[in-house]
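Structural characterization, general
Here is how the chains run, residue by residue.
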Amino acid sequence: MRCEIRHTTEYRYPVPAWDSFNQVRLHPSQETRQTVRSFHLHVSPEAEITSRKDYFGAIVHHVHVHEPHTRLTIEAQALVDTHAQPLPPATPMSTLRAERRRNTEFLVASPRVPSGDWPEIFGVRRPGQDDDLPDFMMDLTTYLFRRFTYDTKATGVRTPLAEFAQHGRGVCQDFTHAMLGITRQLGIPARYVSGYLYSGGEMKGAEATHAWVEVLIPGTGWLGYDPTNNCMAQEKHVKIGHGREYSDISPVRGTYYGGGRGELDVAVHVYGEQ
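Note that the structure is a prediction, hence the values are computed from the model and not measured.

Calculation criteria
- Residues numbered from 1 in each chain as written.
- Predicted model: local features only at pLDDT ≥ 70, side-chain atom pairs only at ≥ 80, totals over all residues.
- Heavy atoms only, no water.
- UniProt positions renumbered as here; feature names shortened; annotations may be inferred.
- Helix = DSSP H or I, 4+ residues; strand = E, 2+ residues; numbered from the N terminus.
- Axes fitted to C-alpha atoms, helices over the stretch in contact; angles between N-to-C directions.
- Parallel < 35°, antiparallel > 145°, perpendicular 65-115°, else oblique.
- Left-handed = near helix turned anticlockwise from the far one by under 90°.
- Contact = heavy atoms within 4.5 Å.
- Nonpolar A, V, L, I, M, F, W, Y, C, P; charged D, E, K, R; others polar.
- Buried < 20%, exposed > 50% of the residue type's maximum accessible area, 1.4 Å probe, protein only.
- Salt bridge = Lys/Arg side-chain N within 4 Å of Asp/Glu carboxyl O.

1. Concerning the UniProt feature "domain: Transglutaminase-like" (unreviewed entry) in the chain
Feature annotation in UniProt places "domain: Transglutaminase-like" (unreviewed entry) on residues 164–229, given in this structure's numbering. Segment residues 164–229 splits into 27% helix and 36% strand. End C-alpha atoms: 17 Å apart.

Okay, structure coming up:
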């Protein structure tokens, strides 16, 4: 599938702001399941822009606006071809033993995915060593999809996982953190993915950047599971990057002087064609 993406972030301030510095993670990743044809970053007012790769390999643009301004617009445009991935073969849970030591960073706790008995808290059966890992992950995806309610007004970026577990309403970030908490407690290396979703009106989470989980399947590699939409991450999912949790791969964040209490608007449009 060919996906054309336009992501616009606009800040508005009641009084002028200056020396605004933002870290922008909006460049889709180049990998087996997707090919980046083009990417352009437009900033108004004029800004100093540099780029680098972060610890996890995502491209980060540093946007620095020196002059006073009451409006800051950051628009990313990308053209990406996504490719269907074959379903993984049967893989017993026991094959994870050899992978855990070199993937420790995707097994340990983090601020938004703390330690806890998350399988029991969420009512998930712990699999046996002979159980099939891909089957378990798809069953878990379906379970979380049915257990929770997608509600864009129920949570914010700082809502604790324990609170989401209690109320059961939230957005893709919450679904993803819940799955990470469960898989990591079961010894399954898993990472947080930020990206885009072409929905055509059929799927949840396309109104902004989307989130899902990538799990290590020994012998196959990292595969994406989207509990918000009860599916694997395939051609309709465009990956930006991954990390341990949301804060590692948040789309836009920054600081500025002055400005007062600003307002933020984000608009994401993904157009797709086969």
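2. Focus on the packing of helix H2 (residues 133–147) against helix H4 (residues 172–185)
Running from N to C, H2 and H4 cross one another at 135°; their axes reach a closest spacing of 11 Å. By the angle class used here, H2 and H4 are oblique. For H2 against H4, the interelement crossing comes out right-handed. Facing Met137, Leu140, Thr141, Leu144 and Phe145 of H2, the residues of H4 in contact are Phe175, Met179, Ile182 and Thr183. Looking at the contact of H2 with H4 residue by residue, the classes come out as seven nonpolar, two polar and no charged.

3. A look at the side chain of Thr155
Checked against the element boundaries, Thr155 lands in the loop between strand S6 (149–150) and helix H3 (161–167). Thr155 sits in the buried class, given a relative accessible area of 17%. Ignoring anything within four residues of it in the chain, the contact list for Thr155 reads Arg169, Gly170, Val171 and Asp174.

4. Considerations on the pattern of salt bridges
Side chains that differ in sign of charge can pair as their charged atoms come close. The full count for this structure, using the stated rule, is 17 salt bridges. Asp81 is the partner of Arg37 in a salt bridge, and the nearest nitrogen-oxygen pair spans 2.7 Å. Of the two residues, Arg37 is situated in strand S2 (residues 34–44) and Asp81 in strand S5 (residues 69–82); the sequence distance between them amounts to 44 residues. Note on Asp81: relative accessible area 9%, which makes it buried. Note that Lys239 and Glu214 form a salt bridge whose closest N and O atoms lie 3.0 Å from each other. Of this pair, Lys239 sits in strand S12 (residues 237–243) while Glu214 sits in strand S9 (residues 210–217), placing them 25 residues apart in sequence. The exposure class assigned to Glu214 is buried, which follows from its relative accessible area of 4%. The structure contains a network of salt bridges with shared partners spanning Glu10, Arg12, Arg71, Glu263 and Asp265.

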